[in-house]
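These are the residues of each chain, in order.
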Amino acid sequence: MARALRNMVDSLQHSIEVERTTQQNMQTFLGDASHELRTPLTVIKGYVELLQKNPDAGAEQTARAYERMLSEANRMDALIKDLLLLAELGETKTDTKIMSELSVIDFSALVSTAVDDLRILQPTRPVVVSIEPGIEILGARDLILQVLANLTSNIRRHTLVTDSLRVSLRAVGDDAEFDQGDWKAVAPKFALLSFDDSGRGLPEEFYAAGINHFQRFDNSRSRESGGSGLGMSILAAIVRKHGGEIYLQKSDLGGLRTVISLPLAQ
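Residues numbered from 1 in each chain as written. Predicted model: local features only at pLDDT ≥ 70, side-chain atom pairs only at ≥ 80, totals over all residues. Heavy atoms only, no water.

1. Comments concerning helix α4 (residues 141-158)
At step 1: The first and last C-alpha atoms of α4 sit 26 Å apart over 18 residues, in line with the 26 Å expected at 1.5 Å per residue.
At step 2: Along α4, the positions that sit buried rather than exposed are L143, I144, V147, L148, N150, L151, T152, S153, N154, I155 and H158. (Helix = DSSP H or I, 4+ residues; strand = E, 2+ residues; numbered from the N terminus. Expected span 1.5 Å × (residues − 1). Buried < 20%, exposed > 50% of the residue type's maximum accessible area, 1.4 Å probe, protein only.)

2. Quick word on the nonpolar core
A general feature of soluble globular proteins is that nonpolar side chains tend to end up buried together.
At step 1: The biggest cluster of nonpolar side chains holds 39 residues, and the ones touching the most others in it are F107, V111, L148, L151, L193, L235 and I260.
At step 2: Mapped onto this core, the elements with two or more residues apiece are α2 (59-89), α3 (107-121), α4, β4 (165-172), β7 (190-197), α7 (231-241), β8 (245-250) and β9 (256-263).
At step 3: Excluding residues that lie within four positions of it along the chain, I260 makes contacts with V147, L151, A191, L192, L193, L235, V239, E245 and I246. (Core = buried A, V, L, I, M, F, W, Y, C linked by side-chain atoms within 4.5 Å. Contact = heavy atoms within 4.5 Å.)

3. Things to note about a nonpolar patch on the surface
At step 1: Side chains of L102, V104 and L138 sit close together on the surface and give an oily, nonpolar patch of about 260 Å² of accessible area.
At step 2: Along the chain, L102 falls in the loop between α2 and β1 (103-106).
At step 3: Judged by relative accessible area, L102 falls into the partly exposed class, the value being 41%. (Patch = residues over 30% accessible without salt bridge, like charges linked within 9 Å, V, L, I, M, F, W, Y side chains within 5 Å. Areas by Shrake-Rupley, 256 points an atom, 1.4 Å probe, with all protein chains shown as cover. Salt bridge = Lys/Arg side-chain N within 4 Å of Asp/Glu carboxyl O.)

4. Describing empty space enclosed by the protein
At step 1: If you walk through the whole model with that rule in mind, you get one cavity of 30 Å³ or more.
At step 2: Here the largest cavity defines a volume of roughly 120 Å³.
At step 3: N154, I155, D197, L256 and T258 are, among the 13 residues lining the largest cavity, the residues nearest its centre.
At step 4: For the lining of the largest cavity, the elements supplying multiple residues, two or more each, are α4, β7 and β9.
At step 5: Per-element accounting of the lining of the largest cavity gives the leading share, four residues, to α4.
At step 6: Here the lining of the largest cavity is built from residues that sort into five nonpolar, five polar and three charged. (1 Å grid on protein atoms, 1.4 Å probe; cavity = no way out; pocket = protein on both sides within 12 Å on 5 of 7 lines; lining within 4 Å. Points joined across faces, edges and corners; volume = space filled by probe spheres on them. Nonpolar A, V, L, I, M, F, W, Y, C, P; charged D, E, K, R; others polar.)

5. Concerning the side chain of S251
At step 1: Here S251 is to be found in the loop between β8 and β9.
At step 2: Within the structure, S251 has its side chain in polar contact with the side chain of D196 (distance 2.8 Å).
At step 3: With sequence-adjacent residues up to four places away left out, S251 is seen in contact with D196, D197, L256 and R257. (Polar contact = N/O pair within 3.5 Å; in protein donor to acceptor, adjacent residues only side chain to side chain.)

This is the structure in structure tokens:
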């Protein structure tokens, strides 16, 4: 009886902790959403008021105002889509719509295509590629494509077109160990993807904080690049939804190293 009571108490405490964490995550999410949406709304409101106060504004000024309002409206639309995606990826149910159509994906081919696209967009960038052929994962194709799109977008936005890039993809077996800073573990079979760049990298605090501070990291960069500020957060959420992990490290090229591990299709 005493053992049963202890088990019941432990279960209740665990449920309370899970509920508390869920509420904290929701409050954080709502705070992030309101903060991110407030900026474009403030800009749009400002230009509307400007046009109202200056009905005789010249064609150039009026065109500029409409251009900025459209730009901010598009940004707000992208923010809403990203926030909805993050909300769905945060669902604990396994039968969410976004993960309902899983298939075996030729990850090697998708990574190769993403790198080829980057080379076309930035032909002056030195790129070194090492991709093992035939690596397959089980996943939602559109989401995996978004992971690769976010990775290459980060390279384009936050490094110079002359900065070097090294892309590696390999399969690692059950008995392999790999070092992620202070983290070492015997991993199951997975695909290991890494992007190394020679850009300016991240401030020391972000390497120490890791993935728990992706949102703050995204916000600091979005002010410079005009992005939604949710790219890395979405990337991390997609990877985790597929049973993988993501790590940020200093690259031996001098910039950022992003490492993603995803379980191989069995």
